[in-house]
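# Descriptive structure summary
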Amino acid sequence: MEKTNTYTYFGITSNGEIDHRGLVANENGIFNTDEITELLGIQPFKCWNYGDIRRNGSKYLFSNWGAEKSDIERLDVEAQCMDTIKNLKNKIPQLKQIKEQYDVEFAIMIVPSIYGDEKPLMSFNVEIIEFCYLTGTTIEIDMYLYPNEE
């Protein structure tokens, strides 16, 4: 229980095709992360633009913007999702504008790291579902499982 944790965040990523290089953005999916930041008035905790250089020296072939990270020390995913969307709920018109202008995907990312047999509580209330419905946001889970330490 001491090590198990979860965080959530909201992400905007170029739509595209996956090939031998990874995700390659559709032409209309390429966006400038500074424009997204300015339009939403929210600072991302991570972002990159199409063509930026990765750590390994290759170029990103898609754009990505991630913000509203909730890493509150708890296993209540619903509470973290509510924390993630609290500043986005009044930005639905801007989010719709981004979707109209660019070929992008919105996602609430849930990233649990589970040690042993501990289980996070994963449920979604009407407010989260309504936000996802109104904005076309998916919910994605990127789960990491670790064995019991003995």
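Refer to the structure printed above.
What comes next concerns the included structure. (Residues numbered from 1 in each chain as written. Predicted model: local features only at pLDDT ≥ 70, side-chain atom pairs only at ≥ 80, totals over all residues. Heavy atoms only, no water.)

For a regular strand, the rule is simple: side chains alternate between the two faces of the sheet. Within strand β1 (residues 5-14), eight of the 10 residues are buried, which leaves it mostly tucked inside the rest of the structure. One ladder, built from 10 bridges, connects β1 with strand β6 (residues 104-115); its direction is antiparallel. Looking across to β6, one finds that Thr8 is bridged to Ile110. For β1 and strand β5 (residues 64-70), the ladder comprises five bridges, and the chain directions are antiparallel. For Phe10, the partnering residue across the bridge sits in β5 and is Ala67. (Buried < 20%, exposed > 50% of the residue type's maximum accessible area, 1.4 Å probe, protein only. Helix = DSSP H or I, 4+ residues; strand = E, 2+ residues; numbered from the N terminus. Pairing = 2+ DSSP bridges.)

A few words now on the packing of aromatic side chains. In the structure shown here, the tally under the stated rule is nine aromatic pairs. Consider the rings of Tyr9 and Phe45, whose centres lie 5.2 Å apart with planes at 80°: the pair is edge-to-face. Remark: Phe45 occurs in the loop between α1 (33-40) and β4 (46-48) and Tyr9 occurs in strand β1; sequence separation between them is 36 residues. Taking relative accessible area as the criterion, Phe45 reaches 39% and is therefore assigned partly exposed. An aromatic cluster is defined as three or more aromatic residues linked by ring pairs; in this entry it consists of Tyr7, Tyr9 and Phe45. (Phe/Tyr/Trp six-rings, centres within 6.5 Å; stacked < 30°, edge-to-face > 60°.)

By the burial criterion, the buried members of helix α4 (residues 126-135) are Ile128, Phe131, Cys132 and Thr135. Looking down the long axis of α4, one finds its buried residues gathered within 95° of arc, a one-sided arrangement. Set apart from the buried face of α4 by more than 90 degrees, the exposed residues are Val126 and Tyr133. As for α4, its buried residues are in contact with β1, α2 (77-85), α3 (92-101), β6 and β7 (137-141). Two to three positions downstream of the cap, the backbone nitrogen of Glu127 sits 3.1 Å from a side-chain oxygen, assigning the N-cap of α4 to Asn125. Directly after α4, the chain includes Gly136, whose backbone phi takes a positive value near 70°. (Arc of directions from axis to C-beta. Contact = heavy atoms within 4.5 Å. Polar contact = N/O pair within 3.5 Å; in protein donor to acceptor, adjacent residues only side chain to side chain.)

Right, let's get into the pattern of salt bridges. All chains considered together, the criterion is met by three salt bridges. Measuring nitrogen to oxygen at the nearest pair gives 2.7 Å for the salt bridge that ties Lys86 to Asp83. Among the salt bridges present, the one from Lys89 reaches Glu127, with a minimum N-O distance of 2.3 Å. Taken together, the residues Lys89 in the loop between α2 and α3 and Glu127 in helix α4 connect sequence positions 38 residues apart. Taking relative accessible area as the criterion, Glu127 reaches 31% and is therefore assigned partly exposed. (Salt bridge = Lys/Arg side-chain N within 4 Å of Asp/Glu carboxyl O.)

As a further point, take the side chain of Ser70. In this fold, Ser70 is placed in strand β5. Exposure remark for Ser70: the relative accessible area of 0% places this residue in the buried category.

Glancing now at the pairing of strand β2 (residues 16-19). Sheet analysis places β2 next to strand β3 (residues 22-25), joined by four bridges and oriented antiparallel. The partner of Ile18 across the bridge, within β3, is Leu23.

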